[in-house]
Amino acid sequence: MAERNQEGESRTGGSIVSGVAGRYASALFELAQDQGVVDAVESELVRIEALAAESEDLRRLLKSPVYTADEQKAAMGAVLDRVGIGGLTGNFVRLVASKRRLFLLMTMIRDFKALNAQAKGIVPAEVRVAEAPSEALLAEIRTTVRDLAQSEVSLDVKVDPALIGGLVVKVGSRMIDASLRTKLNAIRLSLKEAR
């Protein structure tokens, strides 16, 4: 059973996840902790995430409300068997299917990863860049953001051509906007004020 503090939050840091998906992810995380298989479960969840990204049919199964619980459970069971995912992860996904919650599975996976990162002391950071960075630039960004956060970081890099150049970094509630678009907007605003 999960340890809870006075506010009723679980030991897994219930504050970083919420809603139905968060409750499922928290329950899975706590079971994985109890069994000592957190990293193995995360690895299998990432494989499921990758399968969904590659397969339009799987995405349709996850999102469509037209399938019955039995159909969803059977289809997901076949997918899991085909890729060799069983144990706690397989049982979890089958349970989610039987409860007709497959439409939340990707959110559950994201929340599980966030809980695991928090437990390891890894801070999530979002970096938006105008174009895909080279490996060298990505390593430099990672080092700089790690120094800023004073902790290990998990980078989520997104390409946003609208930035024109530069980057926007968000770590927790802090945001650093060093994009060319923002600088141009500031210049445009100061020119309007000067008229």
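Residues numbered from 1 in each chain as written. Predicted model: local features only at pLDDT ≥ 70, side-chain atom pairs only at ≥ 80, totals over all residues. Heavy atoms only, no water.

Trainee: Give me the lowdown on the confidence of the model for the protein chain, citing residues and values where you can.
Mentor: Per-chain confidence: the protein chain averages 88 in pLDDT, with 92% of residues scoring 70 or above. By mean pLDDT, the top-scoring element of the protein chain is helix α5 (residues 87-98) (97), and the lowest-scoring one is helix α8 (residues 180-194) (86). Across residues 1-14 the pLDDT falls below 50, and counting only partners more than four positions away or on other chains, this stretch makes 20 contacts in the model. (pLDDT = per-residue confidence, 0-100. Helix = DSSP H or I, 4+ residues; strand = E, 2+ residues; numbered from the N terminus. Contact = heavy atoms within 4.5 Å.)

Trainee: How would you sum up the packing of helix α1 (residues 19-35) against α5? Please name residues and give values.
Mentor: Closest axis-to-axis distance for the α1/α5 pair is 11 Å, and the angle between their directions is 160 degrees. Here α5 runs roughly antiparallel to α1, going by the angle between their axes. Seen from above, α1 lies across α5 with right-handed handedness. Across the interface between the two elements, Y24, L28, L31, A32 and Q35 from α1 touch L88, F92 and V96 from α5. Here the residues of the contact of α1 with α5 sort into 7 nonpolar, 1 polar and no charged. (Axes fitted to C-alpha atoms, helices over the stretch in contact; angles between N-to-C directions. Parallel < 35°, antiparallel > 145°, perpendicular 65-115°, else oblique. Left-handed = near helix turned anticlockwise from the far one by under 90°. Nonpolar A, V, L, I, M, F, W, Y, C, P; charged D, E, K, R; others polar.)

Trainee: Could you give me a rundown of the environment of R60, with the residues and numbers involved?
Mentor: With respect to the secondary-structure elements, R60 resides in helix α3 (residues 56-63). In sequence terms R60 and G87 are 27 residues apart; their C-alpha atoms lie 25 Å from each other.

Trainee: An account of the packing of aromatic side chains is needed here, citing residue identities and associated values.
Mentor: Counted according to the given criterion, the structure contains 2 aromatic pairs. Consider the rings of Y24 and F92, whose centres lie 6.3 Å apart with planes at 70 degrees: the pair is edge-to-face. With a gap of 68 residues between them, Y24 in helix α1 and F92 in helix α5 connect regions that are remote in the sequence. Neither Y24 nor F92 differs from the other in exposure class; each is buried. Arranged with centres 5.5 Å apart and planes meeting at 70 degrees, the rings of F29 and F112 form a pair that is edge-to-face. Separated by 83 residues along the polypeptide, F29 in helix α1 and F112 in helix α6 (residues 105-119) bring together distant segments of the chain. (Phe/Tyr/Trp six-rings, centres within 6.5 Å; stacked < 30°, edge-to-face > 60°. Buried < 20%, exposed > 50% of the residue type's maximum accessible area, 1.4 Å probe, protein only.)

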